[in-house]
Amino acid sequence: MRLLVYFFCVYLIVNTTSAEENTKQIIAGAGPSTNIVQHFAKQLANTETGKHYDFVVPKMSAKHKGGINSVLKTRNIFGRTGRPLSDEEKSLGVSEIIIGQVKIAFVAGPEINPKPITKTQICDIFQGKLTSWASISGNNDSINVFTREPTEALLLTLKSELPCMTTIRPDARVFKKDHQQWIAMMKTKHGRQAIGFGAKNYYPKDRIIPISDFEAGVPLGLVYKSANAKHPLVLTAKKLAESNDWKKIAYSE
């Protein structure tokens with residue numbers, strides 16, 4: 001009898017722990033999608049299916065690849081993406097739900113008055129044809145350029161939408177980490193007269209340079225294991241992402 005009671009207690013502990021692990025859903029992954037996924041998770045938690053889960057969206061970036069690995073290697077249903085999945089990534093057995101886009105912004109260092117410029121001027125700056133702020137902001141300082149690593153999603157999008165960004169001046173400083181490093185560098189002597197680019201929602205409005213004839217953004221959202229396509233949470237997330245109420249939130253300024 002005691003042995004039976006023992007095994008019954010073990011059964012309860014294992015199954016209770018499993019239930020708790022399954023209801024707590026950590027949505028890890030790419031940094032640029034953090035804010036929009038946080039909003040989406042709140043909306044998802046208000047649905048009949050989602051109310052049974054505790055969604056956690058960590059602020060710390062695990063990168064786009066980390067979002068994919070999260071759903072492949074853990075019990076988490078969703079991960080965060082930083083761009084649309086590639087065919088190679090889909091072949092791993094994952095699918096995606098696009099929930100919005102991250103708009104790309106060009107940003108100026110704190111000593112530069114970010115007056116409106118054109119995409120031609122952006123091209124001239126990043127290609128090294130325009131090296132002084134004199135004709136743009138009335139400031140005679142040299143223009144220092146920040147860029148990102150060649151495979152970074154925002155830069156890949158810019159190269160597609162603005163082909164001149166494929167030949168960025170060779171002395172441009174390359175950043176491999178998130179926006180916090182950019183913000184820190186903007187405070188240095190080099191960065192105070194610099195121009196860079198990143199996810200628009202990361203930067204103060206007074207640092208964003210208006211581009212009169214160009215805008216671009218990267219579609220992103222959630223990644224999930226393809227085998228979970230019929231999971232109630234996945235079906236609910238898809239329905240929410242396609243709703244007009246969500247689109248008003250996701251695509252508003």
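A quick note: this is a predicted structure, and the numbers were derived from the prediction, not measured. (Residues numbered from 1 in each chain as written. Predicted model: local features only at pLDDT ≥ 70, side-chain atom pairs only at ≥ 80, totals over all residues. Heavy atoms only, no water.)

**Observations regarding the environment of I112**
Link 1 in the chain: Mapped onto the secondary structure, I112 falls in the loop between β4 (94–108) and α5 (119–127).
Link 2 in the chain: Residue contacts for I112: discarding those within four places in its chain leaves W133, S137, N139, R192, Q193 and R207. (Helix = DSSP H or I, 4+ residues; strand = E, 2+ residues; numbered from the N terminus. Contact = heavy atoms within 4.5 Å.)

**Here's the deal with the pairing of β4**
Link 1 in the chain: Where β4 lies against strand β9 (residues 217–225), nine bridges are found, and the strand directions are antiparallel. By the bridge assignment for β9, I98 is matched with G221.
Link 2 in the chain: When β4 meets strand β7 (residues 194–199), the two strands line up antiparallel, connected through five bridges. If you follow I104 over to β7, its bridge partner there is A199.
Link 3 in the chain: Relative to strand β8 (residues 208–209), β4 runs antiparallel, the two sharing two bridges. In the strand pairing of β8, V107 is matched with I208. (Pairing = 2+ DSSP bridges.)

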